[in-house]
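So you can see what is in the structure, the chains are spelled out below.
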Amino acid sequence: MGIMGNAKFTWLGLAAVLLWSATVALVRSISEQIGPVAAGAAVYLVGGIISTSYMLLAKNPFSAKRKFPIRYFLSTGSLFLIYTVSLFLAVGLAKTRIEAIELGLVNYLWPGLTILLSLGLLSQRSNIWIVPGTLLAFAGIFLVITAGTDFTWSAFISHIKGNPLA
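Notes on the structure in this doc start here. (Residues numbered from 1 in each chain as written. Predicted model: local features only at pLDDT ≥ 70, side-chain atom pairs only at ≥ 80, totals over all residues. Heavy atoms only, no water.)

**Comments concerning the nonpolar core**
Ranked by size, the top nonpolar core spans nine residues in total: Val24, Val27, Leu87, Phe88, Ala90, Val91, Ala94, Ala100 and Leu103. Contributing elements (two or more residues each) for this core: helix H2 (23–34), helix H5 (70–93) and helix H6 (97–107). Here this core takes four residues from H5, the largest share from any one element. (Core = buried A, V, L, I, M, F, W, Y, C linked by side-chain atoms within 4.5 Å. Buried < 20%, exposed > 50% of the residue type's maximum accessible area, 1.4 Å probe, protein only. Helix = DSSP H or I, 4+ residues; strand = E, 2+ residues; numbered from the N terminus.)

Structure representation (structure tokens):
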């Protein structure tokens, strides 16, 4: 594959990161207008149209299907569906925009947790930089969620009791 082929995937990866980072804001905005369930359906409809268009324009659209067993697609697809529906409902059911931002920040925990869990579950190796990097990421999320105030477990539990469904 030439340089342009690699650049295409770099740009697609960058677009994916930008879209993922805007997910909470978009979901909240759409949910305020049409509700959380309809917002999820609308986002999946647009995503499905884009994916189907890409598949139809690709030279060999089903080549990836032969590389992975159908059980892989069903299990990972189900997990992704559960994650996305949960995120959309949580953000849509948030009482305030601040609460939606907090839920979005909690959503940012999963990449770090995925990396940490994959090290043990998949017997992957890492270097020492994984520890300060992960601690720094989690500390940043913690600082933003607590908004610089003192953290107490009673306030944390009270906050969750305020809107347990979200």
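**Some points on a nonpolar patch on the surface**
Taken together, the side chains of Val37, Tyr44, Phe80, Leu81, Val85, Leu89, Leu93 and Leu165 define a hydrophobic patch exposed on the protein surface, amounting to about 730 Å² of accessible area. Secondary-structure elements contributing two or more residues to the nonpolar patch are helix H3 (36–57) and H5. Considering each element in turn, the nonpolar patch owes the most residues, five residues, to H5. Given the relative accessible area of 48%, Phe80 is considered partly exposed. (Patch = residues over 30% accessible without salt bridge, like charges linked within 9 Å, V, L, I, M, F, W, Y side chains within 5 Å. Areas by Shrake-Rupley, 256 points an atom, 1.4 Å probe, with all protein chains shown as cover. Salt bridge = Lys/Arg side-chain N within 4 Å of Asp/Glu carboxyl O.)

**Things to note about helix H7 (residues 109–121)**
Spanning 13 residues, H7 covers 18 Å between terminal C-alpha atoms, matching the ideal 18 Å at 1.5 Å per step. A positive phi of about 55° marks Ser123, the residue just after H7. (Expected span 1.5 Å × (residues − 1).)

**Things to note about the pattern of salt bridges**
Tallied over the entire structure, the rule returns two salt bridges. Between Glu32 and Arg28 there is a salt bridge, and its shortest N-O distance comes to 3.1 Å. Of the two residues, Glu32 and Arg28 are both situated in helix H2; the distance of four residues between them amounts to about one turn of the helix. Across the pair Glu32 and Arg97 runs a salt bridge whose closest N-O atoms are separated by 2.7 Å. Of this pair, Glu32 sits in helix H2 while Arg97 sits in helix H6, and the two are 65 residues apart along the sequence. Its relative accessible area of 56% is what places Arg97 among the exposed residues. Sharing partners across several salt bridges, the network here consists of Arg28, Glu32 and Arg97.

**What about the environment of Glu32?**
Glu32 gets classed as partly exposed once you look at its relative accessible area, which sits at 40%. Residues Glu32 and Leu93, 61 residues apart in the sequence, show an inter-C-alpha distance of 9.4 Å.

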